[in-house]
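Fold and geometry: a report
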4 protein chains.
Amino acid sequence: MDKTKIYYNKRGKLKDPVLIVGLPGIGTVGSLVGEHLRNTLNAKRLATLYSPHFLHQAIMMKNGGVRLASNRFYYSTNEKTGQSIIILVGDMQAGTPEGQYEINDRIVQFFKSLGGKTIYTVGGYNISNQYVTKPRVFGVATDKETRSDLQKNGVIMGQAAGAVWGSAGLIVAFSKKHKLHGACLMGETGMLEIDANAAKAVLEKLQVMLKLDVDLSSIDKIKKETENLLKEMEKAGGAPGDQQPPPPSQPLSYIR
Amino acid sequence: MDKTKIYYNKRGKLKDPVLIVGLPGIGTVGSLVGEHLRNTLNAKRLATLYSPHFLHQAIMMKNGGVRLASNRFYYSTNEKTGQSIIILVGDMQAGTPEGQYEINDRIVQFFKSLGGKTIYTVGGYNISNQYVTKPRVFGVATDKETRSDLQKNGVIMGQAAGAVWGSAGLIVAFSKKHKLHGACLMGETGMLEIDANAAKAVLEKLQVMLKLDVDLSSIDKIKKETENLLKEMEKAGGAPGDQQPPPPSQPLSYIR
Amino acid sequence: MDKTKIYYNKRGKLKDPVLIVGLPGIGTVGSLVGEHLRNTLNAKRLATLYSPHFLHQAIMMKNGGVRLASNRFYYSTNEKTGQSIIILVGDMQAGTPEGQYEINDRIVQFFKSLGGKTIYTVGGYNISNQYVTKPRVFGVATDKETRSDLQKNGVIMGQAAGAVWGSAGLIVAFSKKHKLHGACLMGETGMLEIDANAAKAVLEKLQVMLKLDVDLSSIDKIKKETENLLKEMEKAGGAPGDQQPPPPSQPLSYIR
Amino acid sequence: MDKTKIYYNKRGKLKDPVLIVGLPGIGTVGSLVGEHLRNTLNAKRLATLYSPHFLHQAIMMKNGGVRLASNRFYYSTNEKTGQSIIILVGDMQAGTPEGQYEINDRIVQFFKSLGGKTIYTVGGYNISNQYVTKPRVFGVATDKETRSDLQKNGVIMGQAAGAVWGSAGLIVAFSKKHKLHGACLMGETGMLEIDANAAKAVLEKLQVMLKLDVDLSSIDKIKKETENLLKEMEKAGGAPGDQQPPPPSQPLSYIR
């Protein structure tokens, strides 16, 4: 196996599909958003991506099973609009430029082959090392139309600077190359390993933009658990910037 | 040489071959099990795997000879059952994801081409940094049938969590992809460089499962040598967790 | 995307084109020279090079846009001589030998396909860790003729020793292989992150050699800003060798 | 350029050619031997090997020229025996396993295509961190015949253990694979960056084995210069193991 490959699990009928990419990264914001959507939308597996550029490890499962590391496409339907929602989640991203270019180009081409036209990737945007209580959502997008659409919905455009690492950035850049609409939504975060608050902020934007009806109570629960831990640490004299609160119990099992 | 290659040393007649993979890794458990089986079963060389993903070094031999690093397939026959036993041992594993994916996929395909249906890989499972006197054997497997078979034989299923690195994990994951039965047996170990006790625990399980009759006295000798060294170190005030006992004299020459 | 690719933006008519390579590197000398020429010569985009060997990140733009990292060819005309001037600038260079060999060979072949015969690359040459007030320009070149031409124009030949890293070196070495004339001009610099003084020294040589009429006032402004900062730091007791002055405000936005 | 390539400089008539490989490595022993033979045998360039696996840098030359890094084959004739002597020297070795496998396999195949049957590689063998005044020469070889030949000439066989890194090891291992005779001669050395004494020891063995008549006075000069420096350092209270004497002035220019 020397190339990235995508295998169909089930060929579903799709209607004007939109892709939401929620992969591991800063603050675990992408994975939290992706897994939350997958769960609440009760999405089914569409396809699985394997790659020799993932870490050379097999993932152990709770039932004693074992599998290759993967990125996984799930699909569901937006009940309000009838639009197909495709969600990409996964165990990891590639660790090299060559691997990232191969995988992310492949993802965009696969989605294009499904008839898709618009991709939203999700990431974290780290500005300070303070817990961010009211996280903003920053955005970049491939074209004027998508940028103005994001801006109308309160996403801050043109202020984030520098580079977006990994799939969250490259998938949007490849969308442009393949003439799709692409945007990256970045929840403001601050050094937390798992920042459910930043994820919630992005989910709220996606809800409005995609006219999705998503229950946010489970992500709210993780958010509150984290905030309580941070308060306890502060009481105990720990500076939230110096020390990580232990990741909340739920999201880990929830993500895997 | 830019791809992994497997060369036949001798094409033997095989009957329902089972593959046991014992390569270098945590606690040297894999190599100890592999080399012990090779020796006690008096196995003959079947094939040799070379790869440009192994370290760029030539191995010096005791007779003044020199050779490329390799992984080596040996074969023998289970005298009780008539089943062919194939054992994979070697000098090293690849150091990159791309190399590991290439080599381990090749290994599974090669074994499948021999008519094989079941693969057991062997590794160490490191929980504490204490010497483990009564090591348990943890397992993961590709399918329900194999999992229940392992469980019946006292292998602990569904408790090990996280990832299995390298060949021990990827060969099992690729077994699944190529529709073979695969399992990884992990001997509980604790920071020892060469843990013959963990290896013995795995060998005992393999014996029962494969109805093999293997003399364990030589591995027992290494185990006792290590335990004596640990006792002496404790007497001398050394904490077994902090300091490695020198690896026993025997297994090194025995493995090379 | 698994290979470096060059896409035309506009096929212009070129006359005896010369290539000037100004990519990121020591003292940002290359980028400063390249971007300064691109601006003052009002050059238009000719072609864009993408590569899976660039860092796996997407570049955020000021307007909220986003794009793949790239190296970019611009073209303009020397009004005095009618010669086409091609300028190569970019966000980054590859991080591995394999990537650098692929990209730089491709660049030289692309320029050769345009009918070009001569390439000048620009870099910094770091000798001391003092700010260099009167930077010399050191050179290496592919052939006797080019070397004597450089020498006539005050470029110091045969004194720089060792190796020229990255595109500045490899493009010249590949020029030789493809039977083009190539030279690397290295502005003497000393540990500054952005050394406009070294860039100015190289620009002055290029002006003479290519009979170019380039306004140097904007690069002079950056140079003076840096020198004022260094003076203030010295007054405040800081040793210029120990501490970097903050990069001047202008060149960063100017380069991006 | 994405593969290692060998270009002929001049196709000479060769008689029963033997290859001596003297590339950079431990104690610079290989390069010292290779360059000494090239100089004293007045060898001519036969072929040049380029590789994208060498460091991404261009080598500056004394005349202001510049070139790709390379490994270079030179040829001469043993005046006593009429045998063609081919010498391989170079700027560097590849830094990755994949690069090393590609280059060294290519070298052996190229030499085989010249009708060659025997290869000697040269390296350093580092045992202590003391300067070795009477260095022994250790050897490994592909076959019994070559091993007994080395032993007859005082090369110590079967005592060096572990692995031989890089070209010195892999070229011999690939010789075996391509059914040539191969041997690695390792001069005992101790932490010196440039150890002319170890090189001299190897040269003396090669002289006898190949019936070569080589003037050793220039390498002797380097050796004495180093020894004088070590004595001065000892007088000044410096421990030879802790501190490197500056490399002698001659060999550097001599090697480049």
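These lines cover the structure that appears in this document, whether it is placed above or below. Owing to the predicted nature of the structure, the values given are computational and were not obtained by experimental measurement.

1. Points about unusual backbone geometry
- With a phi close to 50°, A:Asn42 is a non-glycine residue in the positive phi region.
- Tracing the chain through its elements places A:Asn42 in the loop between α1 (29-40) and β3 (44-50).
- Given a relative accessible area of 53%, A:Asn42 falls into the exposed group.
- The backbone of C:Asp16 shows a phi angle near 45°, a positive value even though the residue is not glycine.
- By the secondary structure assignment, C:Asp16 is in the loop between β1 (5-8) and β2 (18-21).

2. Comments concerning the sheet that holds β1(C)
All names here are of chain C.
- With mixed pairing, the nine strands of this open sheet are ordered in space as β1-β3-β6-β7-β2-β8-β12-β9-β10. Taken across any chain shown, the strands that pair with only one partner, and hence form the sheet edges, are β1 and β10 (156-157).
- Taken strand by strand, helix α3 (residues 144-152) contacts β8 (118-126), β9 (137-141), β10 and β12 (181-189), and its axis lies near 35° from that of β12.
- Contacts from helix α4 (residues 166-177) reach β2, β8 and β12 within the one sheet, and its direction differs from that of β8 by about 145°.

3. Digging into the pattern of salt bridges
- Tallied over the full model, the rule gives 32 salt bridges over all chains.
- For A:Glu102, the salt bridge identified is with A:Lys3, shortest N-O distance 3.7 Å. Pair noted here: A:Glu102 is in helix α2 (residues 97-113) and A:Lys3 is in the segment before β1 (5-8), with a separation of 99 residues, a long-range link.
- Residues D:Asp2 and C:Lys3 are paired through a salt bridge, measuring 2.8 Å at the closest nitrogen-oxygen approach. Of this pair, D:Asp2 sits in the segment before β1 (5-8) while C:Lys3 sits in the segment before β1, each in a different chain.
- Residue D:Asp2 is classed as partly exposed on the basis of its relative accessible area of 44%.
- Through salt bridges that share partners, A:Asp2, B:Lys3 and B:Glu102 make up one connected network.

4. Some thoughts on α1(A)
All names here are of chain A.
- In a regular helix each residue adds 1.5 Å, so twelve residues correspond to 16 Å; α1 covers 16 Å between its end C-alpha atoms and thus fits that length.
- Of all twelve residues making up α1, ten are buried, and the element is well covered by its neighbours.
- Within the span of α1, buried status applies to Val29, Gly30, Ser31, Leu32, Val33, Gly34, Glu35, His36, Leu37 and Arg38.
- Asn42, located one to two residues past α1, shows a positive phi value of around 50°.

5. Overview of the sheet that holds strand β7 (residues 84-90) of chain B
All names here are of chain B.
- As summarised here, the arrangement of the nine strands in space is β1-β3-β6-β7-β2-β8-β12-β9-β10, forming an open sheet in which the pairing is mixed. The open sheet is flanked by β1 (5-8) and β10 (156-157), the only strands paired with a single partner.
- Pairing of strand β6 (residues 71-77) with β7 involves seven bridges; the strand directions are antiparallel. In the sheet register, Phe73 faces β7, and the bridge partner there is Leu88.
- Against the sheet, helix α1 (residues 29-40) contacts β2 (18-21), β6, β7 and β8 (118-126), and its axis sits at roughly 135° relative to β7.
- This element, helix α5 (residues 196-210), spans β2, β8, β9 (137-141) and β12 (181-189) of the sheet and lies at about 145° to β12.

6. A few points about the interface of chain A and chain C
- Taken together, the contacts link 32 residues of chain A with 23 residues of chain C.
- Of the roughly 2,300 Å² buried where chain A meets chain C, counting both sides, 61% is carbon and sulfur surface.
- When residues of chain A are sorted by the area they lose upon contact with chain C, A:Glu98, A:Tyr101 and A:Trp165 head the list and together hold 27% of the total.
- Linking chain A with chain C are one salt bridge.
- Where chain A packs against chain C, one counts ten residue pairs in polar contact (both at pLDDT 80 or more).

7. Here's the deal with the relation of the copies chain A and chain C
- Structural alignment of chain A on chain C gives an RMSD of 0.1 Å, achieved by rotating through 90° and translating 0.1 Å along the axis. Here the symmetry operator amounts to a four-fold rotation axis.
- Both copies present different contact surfaces, since only 3% of the interface residues of chain A are interface residues in chain C too.

8. Some remarks on the interface of chain B and chain A
- Counting residues at the interface gives 32 residues for chain B and 23 residues for chain A.
- When the buried area of chain B at its contact with chain A is split by residue, B:Glu98, B:Tyr101 and B:Trp165 rank highest and sum to 27% of it.
- Connecting chain B to chain A are one salt bridge.
- Looking at the side of chain B that touches chain A, the elements with two or more residues in it are α2 (97-113), β9, β11 (163-165) and α4 (166-177) of chain B.
- Sort the elements by how many residues they give to the side of chain B that touches chain A and α4(B) lands first, with eight residues.
- The class makeup of the residues in the side of chain B that touches chain A is 16 nonpolar, nine polar and seven charged.
- Both strand β4 (residues 57-60) of chain A and β11(B) contribute to a ladder of three bridges, which runs antiparallel. The residue of β11(B) that forms the bridge with A:Ile59 is B:Ala163.

9. A word on the packing of aromatic side chains
- According to the stated counting rule, one finds 20 aromatic pairs over all chains in the structure shown.
- On the numbers, 5.7 Å between centres and 90° between planes, the contact of C:Tyr101 with C:Phe174 is edge-to-face. Highlighted residues: C:Tyr101 in helix α2 (residues 97-113) and C:Phe174 in helix α4, separated in sequence by 73 residues. Like C:Phe174, C:Tyr101 is buried.
- By way of ring pairs, the aromatic residues A:Tyr8, A:Phe73 and A:Phe110 are connected into one cluster.
- The lysine or arginine in question, A:Arg38, covers the ring of A:Tyr74, its NZ or CZ lying 4.8 Å from the ring centre.

10. Topic: helix α4 (residues 166-177) of chain D
Residue and element names in this part refer to chain D.
- Between its first and last C-alpha, α4 extends 16 Å over twelve residues, near the 16 Å set by a 1.5 Å rise per residue.
- For α4, a buried count of ten out of twelve residues is recorded, marking the element as mostly surrounded by other parts of the structure.
- Here α4 has its buried residues at Gly166, Ser167, Ala168, Gly169, Leu170, Ile171, Val172, Ala173, Phe174 and Ser175.
- Backbone geometry just after α4 places Lys179 at a positive phi near 60°.

11. Here's the deal with the relation of the copies chain B and chain A
- Mapping chain B onto chain A is achieved by rotating through 90° and translating by 0.2 Å along the same axis, at an RMSD of 0.1 Å.
- Different-surface contact between copies: only 3% of interface residues of chain B are shared with the interface of chain A.

12. A closer look at the packing of helix α1 (residues 29-40) of chain D against helix α5 (residues 196-210) of chain D
All names here are of chain D.
- Look at α1 against α5: their axes get within 9 Å of each other, and the N-to-C directions meet at 55°. Comparing their axes, α5 and α1 come out oblique. When you trace α1 past α5, the crossing you get is right-handed. Only Ala196, Ala198, Ala199, Val202, Leu203 and Leu206 of α5 make contact with α1, whose side of the interface consists of Val29, Leu32, Val33, His36 and Leu37.
- By residue class, the composition of the contact of α1 with α5 is ten nonpolar, one polar and no charged.

13. Concerning the environment of A:Gly190
Residues and elements named next belong to chain A.
- Of note, Gly190 is situated in the loop between β12 (181-189) and α5 (196-210).
- Classification of Gly190 by relative accessible area gives buried; the value is 5%.
- Taking C-alpha positions, Gly190 is 5.1 Å from Gln130, a pair spaced 60 residues apart along the chain.
- Dropping the residues within four chain positions of it, Gly190 is found in contact with Asn126, Ser128, Asn129, Gln130, Tyr131, Val132 and Asp195.

14. Focus: the arrangement of the chains
- Separating chain B from chain C is a minimum C-alpha gap of 14 Å, and the two share no contact.
- Chain A shows no contact with chain D. Their nearest C-alpha atoms sit 14 Å apart.

15. Brief notes about the environment of B:Ile119
Residues and elements named next belong to chain B.
- Position of Ile119 among the secondary structure elements: in strand β8.
- Residue classification places Ile119 among the buried positions, given a relative accessible area of 0%.
- With 24 residues separating them in the primary sequence, Ile119 and Gly95 have C-alpha atoms 23 Å apart.
- The residues touching Ile119, leaving out its near neighbours within four places in the chain, are Leu19, Val21, Val108, Phe111, Ile171, Ser175, Leu180, His181, Gly182 and Ala183.

About the cut-offs
- Residues numbered from 1 in each chain as written.
- Chains lettered and ligands numbered in written order.
- Predicted model: local features only at pLDDT ≥ 70, side-chain atom pairs only at ≥ 80, totals over all residues.
- Heavy atoms only, no water.
- Helix = DSSP H or I, 4+ residues; strand = E, 2+ residues; numbered from the N terminus.
- Buried < 20%, exposed > 50% of the residue type's maximum accessible area, 1.4 Å probe, protein only.
- Pairing = 2+ DSSP bridges.
- Contact = heavy atoms within 4.5 Å.
- Axes fitted to C-alpha atoms, helices over the stretch in contact; angles between N-to-C directions.
- Salt bridge = Lys/Arg side-chain N within 4 Å of Asp/Glu carboxyl O.
- Expected span 1.5 Å × (residues − 1).
- Buried area = accessible area lost by both parts, 1.4 Å probe.
- Polar contact = N/O pair within 3.5 Å; in protein donor to acceptor, adjacent residues only side chain to side chain.
- Least-squares fit on C-alpha atoms with pLDDT ≥ 70 in both.
- Nonpolar A, V, L, I, M, F, W, Y, C, P; charged D, E, K, R; others polar.
- Phe/Tyr/Trp six-rings, centres within 6.5 Å; stacked < 30°, edge-to-face > 60°.
- Lys NZ or Arg CZ within 6 Å of the ring centre and 35° of its normal.
- Parallel < 35°, antiparallel > 145°, perpendicular 65-115°, else oblique.
- Left-handed = near helix turned anticlockwise from the far one by under 90°.

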